Amino acid sequence: MDLPPEFLTLYSRLDRQGPGLPEDVTWALGRLGLTGALRVCDAGCGTGADTVTLAEALPEAQVEGIDAVAAFIEAGQARVAGLPNAALRVGDMGALEGPYDLIWSAGAIYFLGVTEGLRAWRAALAPGGVVAFSQGVFLGGDEPQAVRDFWAPEPGLTDREGLRAQVAEAGYEILDTRLLVGAPWAAYYGSVAREIAALREGASPAMTAVLDNSAREVELWQEAPERIAYELVLARPD
Ligand SMILES: C[S@@+](CC[C@H](N)C(=O)[O-])C[C@H]1O[C@@H](n2cnc3c(N)ncnc32)[C@H](O)[C@@H]1O
């Protein structure tokens, strides 16, 4: 993935690169009844926040975090160093091999497309294996302009019903869903705002442009925090 170095400087400093809380991971594991010596992939793991939560919650499992961006994997290595059952590596989540009992993917499947991603992951699932992914959704009704502007970089975004259809089209059954609104976004954008402030002084024009762009994203979220949502979807092949 060809990302400007200034973008990587900002986002590599973050604990995570999108909204999500450890309790979202533990909720999913509980709903799926997953325990024991499993093989788990954190697909599009960024700097590995959820890889750590998965490895701690499943001490007998082997958890592999995979991301296309080497700078994120490098930044995350220190976090997994003390965890014997977690590892991070650079790789393409569109070409997973597995077999995995769980493919977890927070805020990343849209890079592949929901239907395309789920189709690609089917062959990487062990028998009985499941996928848990979070994906932006419109909540429906008359969306404020701030919500439309916020999601403009993701032109294919749909609502919860549309997301269900995309999952069904891939030949998966939805086991449960959880709407992620408010707290996970506040935590994420709080960290983004802090790092923007830390990098402002003496920033180059290119760095300033990246910081301004990210600050605009934070402002758009702040204009409609109850209307901007991820849906966490637990699904298994039909
Ligand atoms: C919004 S970030 C979420 C990161 C992390 N899951 C989190 O919640 O903090 C999406 C991640 O997907 C990664 N990504 C996008 N396409 C990818 C691909 N084909 N293979 C591996 N990683 C990919 C990006 O590099 C980025 O780190």
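The numbering scheme is per chain: residues are counted from 1 as the chain's sequence reads. Only residues with pLDDT of at least 70 get local features here, since the model is predicted, and only at 80 or more are side-chain atom pairs given and counted; chain-wide, interface and lining totals rely on the full set of residues. Side-chain metrics rest on all non-hydrogen atoms present in the structure, leaving aside hydrogens and water.

Caption draft 1: Expanded view of the sheet that holds strand β2 (residues 62–67). Spatially, seven strands are ordered β3-β2-β1-β4-β5-β7-β6 in an open sheet, and the strand pairing comes out mixed. Two strands lie at the open edges of the sheet, namely β3 (86–90) and β6 (172–180), each paired on one side alone. Neighbouring strand axes in the sheet, compared pairwise and without regard to direction, differ in orientation by 20° on average. Note on pairing: two strands pair once DSSP finds at least 2 bridges between them. Only DSSP runs of H or I covering at least 4 residues are called helices, and only runs of E covering at least 2 are called strands; the numbering of each starts at the N terminus. Relative to strand β7 (residues 229–237), strand β5 (residues 125–137) runs antiparallel, the two being bridged by seven bridges. Under this scheme, a helix contributes an axis fitted over its contacting stretch, all axes are lines through C-alpha atoms, and angles between N-to-C directions fall in the 0 to 180 degree range.

Caption draft 2: Quick look at helix α8 (residues 183–200). Here, expected helix span is obtained from the residue count minus one, scaled by 1.5 Å. With 18 residues, α8 extends 26 Å between its outermost C-alpha atoms, agreeing within 8% with the 26 Å of an ideal straight helix rising 1.5 Å per residue. The classification of residues rests on relative accessible area computed with a 1.4 Å probe and restricted to protein chains. Under 20% of the type maximum is buried, over 50% is exposed, and intermediate values are partly exposed. Taken together, the buried positions of α8 are P184, W185, Y188, Y189, S191, V192, E195, I196 and L199. Buried residues along α8 cover an arc of 150° about the axis, so they all sit on one side. Across from the buried face of α8, at angles greater than 90 degrees, the exposed residues are R194 and A197. Comment: arc refers to directions from the helix axis out to C-beta atoms.

Caption draft 3: Structural detail: the nonpolar core. Nonpolar core, defined: a set of buried Ala, Val, Leu, Ile, Met, Phe, Trp, Tyr and Cys residues in which side-chain atoms within 4.5 Å join the residues together. Ranked by size, the top nonpolar core spans 56 residues in total, and within it L102, W104, W151 and W185 carry the most contacts. In this analysis, two residues are considered to be in contact whenever any of their non-hydrogen atoms come within 4.5 Å of each other. In this structure, W151 is in contact with G136, V137, F138, L157, W185, I228, A229 and Y230, ignoring residues within four places of it in sequence. Of all hydrophobic cores here, the second largest spans 24 residues; its members include A124, V131, V167 and A170.

Caption draft 4: Fine view of the pairing of strand β1 (residues 39–43). Among the five residues of β1, four are classified as buried, and the element is accordingly described as predominantly covered. In the sheet, β1 pairs with β2 via five bridges, with the strands oriented parallel. Its bridge partner lying in β2, A43 is registered against I66. By convention, a crossover is right-handed whenever its connection, traced from the first strand over the helix to the second and viewed with the strands pointing away, goes clockwise. Remark: the β1/helix α3 (residues 49–57)/β2 crossover connection has right-handed handedness.

Caption draft 5: Region of interest: the site of the ligand. Around the ligand lies a shell of 18 residues, among which R16, Q17, G44, D67 and M93 are the nearest. For the ligand, an oxygen atom lies 2.7 Å from a polar atom in the side chain of D67. The fraction of the free accessible surface of the ligand (600 Å²) that becomes covered by protein chains is 92%. Residues were grouped as follows: Ala, Val, Leu, Ile, Met, Phe, Trp, Tyr, Cys and Pro as nonpolar; Asp, Glu, Lys and Arg as charged; and all remaining residues, including Gly, as polar. Looking at the shell around the ligand residue by residue, the classes come out as nine nonpolar, six polar and three charged. When at least one non-hydrogen atom of a residue lies within 4 Å of a molecule or strand, that residue is treated as near it. Two N or O atoms form a polar contact when they lie within 3.5 Å of each other; inside protein one atom must be a possible hydrogen donor and the other a possible acceptor, and for residues adjacent in sequence the pair counts only when both atoms belong to side chains. Accessible areas in this description were obtained via Shrake-Rupley with a 1.4 Å probe; residue shielding takes into account the shown protein chains only.

Caption draft 6: Spotlight on the environment of A43. The residue A43 is located in strand β1 in this model. Taking the relative accessible area as the measure of exposure, A43 reaches 0% and is therefore buried. A43 has contacts with I66, M93, L96, I103, W104, S105, A106, A108 and W121, leaving out every residue within four places of it along the chain.

Coordinates in, geometry out; function isn't part of it.
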